[in-house]
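Here is how the chains run, residue by residue.
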Amino acid sequence: MTTKIANTVRQFKNVPCPFCGLCCDDLVVERNGKDGKKLKIAKNGCDLARRGFEAPVAGAVPKIAGKKASFDEAVAAAAAILKNSDRPLFSGMGTDIEGAKAVLQLADGIGGVVDHAASHALFRNFRVMQNSGWMTTTVAEIRNRADLVIFAGTDGVSVSPRFFEKCIWPKKALFTNLQKEREVVFLGRGPSIPSAAKPPRGGKKPTLISYDTKCLAELFGTLRALYHGRRLDAKQAVGVAISDLEKLIEKIKAARYGVIVWASGQIEETFGDLAVQAIAEFIKDINETKRFAGFPLGGGDNALGVAQTCTWQSGFPLRTAFGEGHPVHDPYLLSGRRLLVEGEADALVWTSAFRGDLLPPKRPKDTPCILIGVPGMKVSPGADVYIPVATPGVDHTGSFVRTDSVVALPLRKLRDNDLPSVAEIVGAIETVMRGGA
Ligand code: SF4
């Protein structure tokens, strides 16, 4: 819905936000300024959203080796780099589904490898889902049904600043008394934005249980043992008194519908998938007698949307190579970070259409880089070709998959911007490579 509130101000209501995986869809954004490009969040939103919607766009031009170039020249230079490459890596992949489809098509055509900047976190979850399965829930189920929410190694709000406002203590939910009944337990971290996790009047104050945050898997192993009534001689585990863990088990047993939230990108153990697996197995144990679910929080930069697109296009999740004439998936060998560090990719196409601080890992100096990034974005060492890109949900329409993987939200266009989308840039490079105009 759009409202014209003054000659030069246009107001957009119910705007979906693409700046984290929660994808809130209730923002009110105003477009102002003589050139019709300046945006301001008038209602709802958070600092992360403000940084995204209100980022300046003026003065962004393509560059070749740091020097200004036309769009066509930059596209031709990018195509030349890719023509000389045997194994280009397409990563970053901060883009909408339409952009991801274009990147996949180009990678498929020229034998590239695709990976997302967030794959390290994504694959901790995927490995558990693939190996032993899990039971997870949705944003709506947490909001409307959970009476106990345990945050395991995350505070929720450092990943999605409005998580508490939207899911834990929302003003409106199916059963409003849940607002007062709902119990929150933080394992390891208190809220990094205390006001964002403040209970409403009459709501229960969250409990904080601090533990050695490198031992999430061990903590859940202990909880599983206690849940099954095993006797532990130790007085404490991973820095927590056993009596405190026993109290938590009592809460879990008393809950009607509990949820454990984790953010795999924030797990501090090297083998974070073991921690995810310990949580997932604990949830399965509890489900033998009652309802309990997990909630993997993340999905920023449309990581889940890009992973889903790769899966439906190729049959595999990310970390997939197309150099053999058919897709080959390897979650370890085809890690984009590993390919760059080991010098196994001979060109990098790094895409970041949502934010300027999604940066690639250090690459060898002789690995050329094509940067498709938001205005003002810089990488080190500098990009051989830089093409400024429009942001989906701000400058053009698109689709974004929410953190619970069950909804692909349609993103809106809020202003006219001369910048092209990821799909347009990648499509133009592909056309040149095929010998077109
Ligand atoms: S919490 Fe995330 S989706 Fe919601 S407004 Fe903030 S950045 Fe946007």
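Thresholds applied
- Residues numbered from 1 in each chain as written.
- Predicted model: local features only at pLDDT ≥ 70, side-chain atom pairs only at ≥ 80, totals over all residues.
- Heavy atoms only, no water.
- Helix = DSSP H or I, 4+ residues; strand = E, 2+ residues; numbered from the N terminus.
- Expected span 1.5 Å × (residues − 1).
- Buried < 20%, exposed > 50% of the residue type's maximum accessible area, 1.4 Å probe, protein only.
- Arc of directions from axis to C-beta.
- Contact = heavy atoms within 4.5 Å.
- Pairing = 2+ DSSP bridges.
- Axes fitted to C-alpha atoms, helices over the stretch in contact; angles between N-to-C directions.
- Near = heavy atom within 4 Å.
- Nonpolar A, V, L, I, M, F, W, Y, C, P; charged D, E, K, R; others polar.
- Polar contact = N/O pair within 3.5 Å; in protein donor to acceptor, adjacent residues only side chain to side chain.

(A) Inspection of helix H13 (residues 422–433) at higher detail. Between its first and last C-alpha atoms H13 spans 16 Å; for twelve residues at 1.5 Å apiece the expected length is 16 Å, and the two agree. Within H13, burial applies to Val422, Ile425, Val426, Ile429, Glu430 and Met433. Angularly, the buried residues of H13 cover 135 degrees about the axis, an arc narrow enough to put them on a single face. The elements touched by buried residues of H13 are helix H2 (71–83), helix H3 (97–110), strand E18 (347–352), strand E19 (369–373) and strand E20 (385–388). The positive-phi residue at the C-terminal boundary of H13 is Gly435, with phi of around 90 degrees.

(B) Fine view of the sheet that holds strand E14 (residues 257–262). Read across the sheet, five strands follow the order E11-E10-E9-E14-E15 without closing on themselves; strand pairing throughout is parallel. Only two strands of the sheet have a single partner each, and these edge strands are strand E11 (207–209) and strand E15 (291–296). Here the average twist between neighbouring strands, direction ignored, is 20 degrees.

(C) Region of interest: the site of the ligand. Around the ligand, the structure places Cys17, Phe19, Cys20, Cys23, Cys24, Gly45, Cys46, Leu48, Ala49, Pro161 and Arg162. Among the residues making up the shell around the ligand, the classes are represented as nine nonpolar, one polar and one charged.

(D) Spotlight on the environment of Thr320. Along the chain, Thr320 falls in strand E16 (residues 320–321). Judged by its relative accessible area of 0%, Thr320 falls in the buried class. For the pair Thr320 and Gly336, spaced 16 residues apart in the sequence, the C-alpha separation amounts to 9.8 Å. Each residue touching Thr320, except ones within four places of it in the same chain, is listed here: Gly112, Val113, Val114, Cys310, Ser314, Pro327, Val328, His329 and Leu334. Engagement of the side chain of Thr320 in a polar contact is seen with the backbone oxygen of Pro317, the distance being 2.7 Å.

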